[in-house]
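# Descriptive structure summary
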Amino acid sequence: MAKTVWITGASSGLGLHTAMALAKRGYQVAAGARSFGKEESKVAGCLCLSLDVTQEASIASFIAAAKESFGPPDILINCAGVLNLCACESYCPGEVEKVMEVNFLGQVKMISHVLPLMRERGHGRIINFSSINGLMGIPFQGAYTASKHAIEGYSECLQLECRPHGIEVMVVRPGDHQSGGQGYRAHGRGMGDDSPYRAAYDKACRVIHWDESHGCDPDRLGEKIAKALEKKRLPRTLCVAKLDQHLAVWLHDLLPARLFEKIIASYYRKTKD
Ligand SMILES: NC(=O)c1ccc[n+]([C@@H]2O[C@H](COP(=O)([O-])OP(=O)(O)OC[C@H]3O[C@@H](n4cnc5c(N)ncnc54)[C@H](OP(=O)(O)O)[C@@H]3O)[C@@H](O)[C@H]2O)c1
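These figures come from a predicted structure and were not determined experimentally.

## Comments concerning the site of the ligand
Around the ligand, the surrounding shell holds 31 residues, and the nearest of these are Gly9, Gly13, Arg34, Ser35 and Gly81. With three residues, helix 1 (residues 13-24) is the single largest residue contributor to the shell around the ligand. Here the residues of the shell around the ligand are counted per class, giving twelve nonpolar, 15 polar and four charged.

Spelled out as structure tokens, the structure:
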């Protein structure tokens, strides 16, 4: 029988490509995003449902509708995410909270609703989207990096608790992909022209934008997740990135902190047009 997947953040980017890759392979996919509620949305082969992972009522109605159509999920994929670009000093009220609410607490909430359904049946797979930023910091991505570090730690605890109940957890760590909708990459309100960080911020944003627009193909990531799900034992982590980003993570753990910091700082001062 076809396996059932519930996936958040499926209206755009990596969530959309993952949902399409799984639907193509015959999974029953219930795809959630806020914009699915606003318009008649179609993602080939998926059931598109309105979902805001920050709102309990929205999560409850997503779950009710997904269960009614396909029954309980075999797989939950937590992909919904937002970024806020800002200097740590300049975050304005609500900005860090929003990033944590979507990227971290949104995953926590979805998992807490889905776990009883998986535990009752004695099996299930949970895939949490982290990032390369879950393992290392990048300037002007303080809130985002914190949210991804949080999901890394949380997922490790989750795996330890759930394995005896037949539930497996995988953390996905994408490097830069050509997928991000710019609407989800807000600039902090505190980054005005008078900010003492403005010049460094502008340079870093140019590098970040360049890296994303020259990043990996999001189709490939969807395919890699589908392949991981075919395995008898789900891999604990899946890092999909260009070689230099794999190298950066490796050097982060290997080099003395001050030396690594110099390398990263100079990278984000580079001019990239
Ligand atoms: N793109 C990259 O290079 C990259 C790199 C590393 C990690 N990641 C991670 O991969 C995931 C996808 O990123 P992306 O850049 O491909 O996506 P994206 O194009 O920026 O899209 C974000 C998705 O999240 C959904 N979303 C935002 N707020 C939501 C909320 N409150 N409730 C439900 N859904 C919400 C959006 O849909 P609606 O607006 O319709 O709700 C959209 O489908 C994120 O977790 C991100 O952190 C991406």
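Next comes the rest of the description.
## Points about the nonpolar core
Counting 65 residues, the largest nonpolar core has Ile7, Ala19, Val29 and Ala31 as the members making the most contacts within it. Ranked by residue count, the leading element in this core is helix 1, at seven residues. Excluding its chain neighbours within four sequence positions, the residues that come into contact with Ala19 are Ile7, Ala10, Val29, Ala31, Val43 and Cys46.

## Regarding helix 5 (residues 198-213)
With 16 residues, helix 5 ought to run about 22 Å at 1.5 Å a step, and its terminal C-alpha atoms sit 22 Å apart, in line with that. Along helix 5, the residues that are buried comprise Tyr201, Ala204 and Ile208. Each buried residue of helix 5 lies within a common arc of 70 degrees when the element is viewed along its axis, so the set occupies one face. More than 90 degrees from the buried face of helix 5, the exposed residues found are Ala199, Asp202 and Ser213.

## A few points about the environment of Val5
Note that Val5 resides in strand 1 (residues 4-8). In sequence terms Val5 and Leu22 are 17 residues apart; their C-alpha atoms lie 8.3 Å from each other. Beyond its immediate chain neighbours, meaning those up to four positions away, Val5 contacts Leu22, Tyr27, Val29, Pro73, Ile75 and Ile77.

## Focus: unusual backbone geometry
Residue Phe140 is not a glycine yet carries a positive backbone phi of 70 degrees. Inspection of the secondary structure puts Phe140 in the loop between strand 6 (124-129) and helix 4 (142-162).

## Quick word on the environment of Leu49
Relative to the helices and strands, Leu49 resides in strand 3 (residues 46-50). Judged by C-beta crowding, with 22 C-beta atoms within 10 Å, Leu49 ranks as buried. Not counting residues up to four positions away in its chain, the partners in contact with Leu49 are Ala30, Ala31, Gly32, Phe36, Phe62, Ala65 and Ala66.

## Topic: the pairing of strand 1
Burial within strand 1 is extensive, with four of its five residues counted as buried. Read as a crossover between parallel neighbours, the route from strand 1 over helix 1 to strand 2 (residues 28-33) is right-handed. Sheet analysis places strand 1 next to strand 4 (residues 75-78), joined by three bridges and oriented parallel. Its bridge partner lying in strand 4, Val5 is registered against Ile75.

## A look at the packing of helix 3 (residues 95-121) against helix 4
Interhelical geometry of helix 3 versus helix 4 gives an angle of 20 degrees and a closest axis separation of 9 Å. One way to sum up the angle between helix 3 and helix 4 is to call them roughly parallel. Crossing of helix 3 against helix 4: the hand is right-handed. Mapping the contact onto sequence places Glu95, Val96, Val99, Met100, Asn103, Phe104, Gln107, Val108 and Ile111 in helix 3 and Ala143, Tyr144, Ser147, Lys148, Ala150, Ile151, Tyr154 and Leu158 in helix 4. Here the contact of helix 3 with helix 4 is built from residues that sort into twelve nonpolar, three polar and two charged.

Here is what the cut-offs are and how they apply
Residues numbered from 1 in each chain as written. Predicted model: local features only at pLDDT ≥ 70, side-chain atom pairs only at ≥ 80, totals over all residues. Near = placed C-beta within 6 Å. Helix = DSSP H or I, 4+ residues; strand = E, 2+ residues; numbered from the N terminus. Nonpolar A, V, L, I, M, F, W, Y, C, P; charged D, E, K, R; others polar. Core = buried A, V, L, I, M, F, W, Y, C linked by C-beta atoms within 7 Å. Buried ≥ 20, exposed ≤ 12 C-beta atoms within 10 Å, placed from the backbone. Contact = placed C-beta atoms within 7 Å. Expected span 1.5 Å × (residues − 1). Arc of directions from axis to C-beta. Right-handed = clockwise from strand over helix to strand, strands pointing away. Pairing = 2+ DSSP bridges. Axes fitted to C-alpha atoms, helices over the stretch in contact; angles between N-to-C directions. Parallel < 35°, antiparallel > 145°, perpendicular 65-115°, else oblique. Left-handed = near helix turned anticlockwise from the far one by under 90°.

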